[in-house]
Amino acid sequence: MSELNILFDILKRYQNQYAQPCMVAGKRNDVWEQYSTEDFINHIDNLSKAFVFLGLKKGDKVALMSGNRPEWNIIDFACNQIGIAIIPLYPTLSAQDLSYIINDAGAKLIFVSNADLSKKIDQAVEDHHLSIDTYTFDEVAGKSNYRELLKTGQEQDVDLAPLRAAVGSEDLLTLIYTSGTTGKPKGVFLTHGNIISNIEACAHLVPQNVHTALSFLPLCHIFERMVVYLYLSKGIQIYYAENLDNIVADINEVKPQIFTTVPRVLEKVYDKIVEKGKTLTGLKKTLFFWALDLGHNYQEPLKNGSFFNLKLGIARKLIFSKWKEALGGNIQLIISGGAALQERLGRVFWAAGIKVLEGYGLTETSPVIAVNSHQPQDVKFGTVGRVLKNLDVKIASDGEILVKGPSITSGYYKNEEATREAIDQQGYFHTGDIGEITKDGFLKITDRKKEMFKTAGGKYVAPQMLENKFMESTFIAQIMVIGENQRFPAALIVPAFDELEKWCQHKGINFSSKEEIVKNPEVIDKYQKEIDRLNTNFGQWEKVKKFELLAKEWTIDGGELTPKLSLKRKIILKKLESIIDTIYEE
């Protein structure tokens, strides 16, 4: 396999070794639009020529705000092969953050996918007096279309070879602005070399017999973006889902062997499977829950005994095969990141023959630091896997995970103070996460350093450990554990209203509205029993003593969640200050 030095070397490898009629495909209006390797690369080259025609040059920056679609990749490669850096923008960014990022990065152009995002950019431009040309992927009245640039590039006689040759591994590939809960976004500086080193260090994760992937996590996040580069480096076809609403239909059409996800999606898949199991009767129901219980007791592949494996073979044939069918029938691997995966989910999916590879990383680390493998000796449930071989990880005296290596950012764009805070004099990046390395060499994350809190009694509490355990309840959709400087930990809980409504129907409780049902004494008692059940194995100082049920779900648009669905704790605390005061006033 040819060596990768610069990101666009991936295109050369694909063309030489894997060229095929469908390299990438996007679904628009229920129809898959496929790009052959030849078409895909021609589009990229024509767009690069158009950029040259427009006067863009190495070192310039282009912003991109779009959902996942082939045009995203085309813009990306067209820029990086001539030394232009991409500034990915989350579609959920506020006009204020958009204007700050565009100004801070000095973007020369911006591409958006549709009319709605075009209006959002127009608002940012108007409100904050920006000067930038906008191109759309879809046809939008009064807007320049990106296909016009393709046509312009096709008409240019430009030799791209010297422009490609001028791009080096230390050149800026992308500036990714992290969505902080407070303060201004920080631009993470990532080079071609940073990303390439991470791609190559993760190459072992994808077996040679994997050839089709589905992508639905946002490409504007480095996790999905790096994995897409990894797919392309191994000749894998990529299909982009049109939206999350149709993801089940897309999975069954594409029948992927691999996709990436966040734990919340897997939790919903699991809950729906269990929900269907509950509707079964007689022997079928007995077999279903026998298999489920077997799955929850699944150990790492090399630790299960022969009698267990015999039972597992039966369970896979009778029950778990249907799980794989629900995911298209060909699924081999699911890569999970962005948040902690419930240990029981890892066990039961592996038992079903669906290998979920939990990993860990940050934007600043390109992103993967550690990840479990599909190899039986390289998986440990409850951990994020072994540290990549090209990285040096150590645990600081306060438990913080520090990392050094070729995929680590050199710092934050035009922000020396933030860079000094994040990277010490020895070159170690301070992740802000608390963890430990097990005796057998696996990395385990226990919490975010900044999210740990101390109760009034002086005891430290790691809220993510509690939250991850409580999320095992099918009645809990979202939860945040609180209690800094208070007498005890408490919890803010958003119920899983679909599950709660079914329970209410079974109990004969009138489910009139979300606002009313969270105040119902029988419902509150039900959640108290769930909390008591899941509190069992925690220390007395850690146990959640009180909780409040909330009628409104936390969302990205509402400002309570980051784009990767992490809790914005400070914002939630501020929004629910009066409720929290009520919890602790007695």
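Residues numbered from 1 in each chain as written. Predicted model: local features only at pLDDT ≥ 70, side-chain atom pairs only at ≥ 80, totals over all residues. Heavy atoms only, no water.

Novice: What should I look at first to understand the pattern of salt bridges in this one?
Specialist: Opposite charge on two side chains permits pairing when their charged atoms draw close. Inspection of the entire model under this criterion finds 28 salt bridges. The shortest N-O distance in the salt bridge between Asp-60 and Lys-57 comes to 3.9 Å. We classify Asp-60 as buried; its relative accessible area is 8%. A salt bridge links Asp-440 to Lys-380; the nearest nitrogen and oxygen atoms lie 3.3 Å apart. Note that Asp-440 is positioned in the loop between strand 19 (429–437) and strand 20 (443–448) and Lys-380 in the loop between strand 15 (368–371) and strand 16 (386–387), a separation of 60 residues in sequence. Note on Asp-440: relative accessible area 36%, which makes it partly exposed. Under the relative-accessibility criterion, Lys-380 is labelled buried at 18%. (Salt bridge = Lys/Arg side-chain N within 4 Å of Asp/Glu carboxyl O. Buried < 20%, exposed > 50% of the residue type's maximum accessible area, 1.4 Å probe, protein only. Helix = DSSP H or I, 4+ residues; strand = E, 2+ residues; numbered from the N terminus.)

Novice: Is there a simple way to explain the nonpolar core in this structure?
Specialist: The nonpolar side chains of soluble globular proteins are, as a tendency, buried together. Ranked by size, the top nonpolar core spans 129 residues in total, and within it Phe-51, Phe-111, Ile-199, Leu-214 and Trp-323 carry the most contacts. Looking at which element gives the most residues to this core, the answer is helix 9 (residues 222–233), with nine residues. In contact with Phe-51, not counting residues within four places along its chain, are Leu-56, Ala-78, Cys-79, Ile-82, Ile-84, Leu-109, Phe-111 and Leu-149. Counting 43 residues, the second-largest nonpolar core is a separate cluster that includes Ile-479, Trp-503, Tyr-527 and Ile-572. (Core = buried A, V, L, I, M, F, W, Y, C linked by side-chain atoms within 4.5 Å. Contact = heavy atoms within 4.5 Å.)

Novice: Is there a simple way to explain the pairing of strand 2 (residues 31–35) in this structure?
Specialist: A regular strand carries its side chains on alternate faces of the sheet. In this sheet, strand 2 lies alongside strand 1 (residues 24–28) in antiparallel orientation, the contact comprising five bridges. Looking across to strand 2, one finds that Val-24 is bridged to Tyr-35. (Pairing = 2+ DSSP bridges.)

Novice: In this structure, what is going on with helix 3 (residues 70–80)? I would like to understand it.
Specialist: Each α-helix turn comprises 3.6 residues. Residues three or four places apart therefore point the same way. Burial analysis of helix 3 places eleven of its eleven residues in the buried class, the great majority of the element. Among the residues making up helix 3, those that are buried are Pro-70, Glu-71, Trp-72, Asn-73, Ile-74, Ile-75, Asp-76, Phe-77, Ala-78, Cys-79 and Asn-80.

Novice: Any chance you could explain helix 6 (residues 146–154) here in plain terms?
Specialist: Residues Tyr-146, Leu-149, Leu-150 and Gly-153 constitute the buried set of helix 6. For helix 6, the buried positions fall inside an angular range of 105 degrees around the axis, keeping them on one side. In helix 6, those exposed residues whose orientation departs by more than 90 degrees from the buried face are Lys-151 and Gln-154. On its buried face, helix 6 sits against helix 2 (37–54), helix 3, strand 5 (109–112), strand 6 (133–136) and strand 7 (144–145). Backbone nitrogen of Arg-147 and a side-chain oxygen of the N-cap are separated by 2.8 Å at the start of helix 6; the cap is Asn-145. (Arc of directions from axis to C-beta. Polar contact = N/O pair within 3.5 Å; in protein donor to acceptor, adjacent residues only side chain to side chain.)

Novice: Explanation requested: the sheet that holds strand 13 (residues 333–336) in the structure shown.
Specialist: Strands belonging to one sheet form pairs held by backbone hydrogen bonds; the direction of such a pair is parallel or antiparallel. On the basis of which strands lie adjacent, the open sheet formed by nine strands has the order 2-1-11-10-12-13-14-15-16 and mixed pairing. With partners counted over all chains shown, the strands left at the sheet margins are strand 2 and strand 16, one partner each. Here strand 10 (residues 212–215) pairs with strand 11 (residues 237–240) via four bridges, running parallel. Looking across to strand 11, one finds that Ser-215 is bridged to Tyr-240.

Novice: For this particular structure, what's the right way to read the environment of Val-387?
Specialist: By the secondary structure assignment, Val-387 is in strand 16. Here the alpha-carbon distance between Val-387 and Ile-509, two residues 122 residues apart in the chain, equals 50 Å. Not counting the four nearest positions on each side in its chain, Val-387 is found in contact with Ile-369, Ala-370, Val-393 and Leu-443.

Novice: What am I meant to see in the side chain of Lys-526 here?
Specialist: Secondary-structure assignment places Lys-526 in helix 19 (residues 521–535). The buried category is assigned to Lys-526, whose relative accessible area is 19%.

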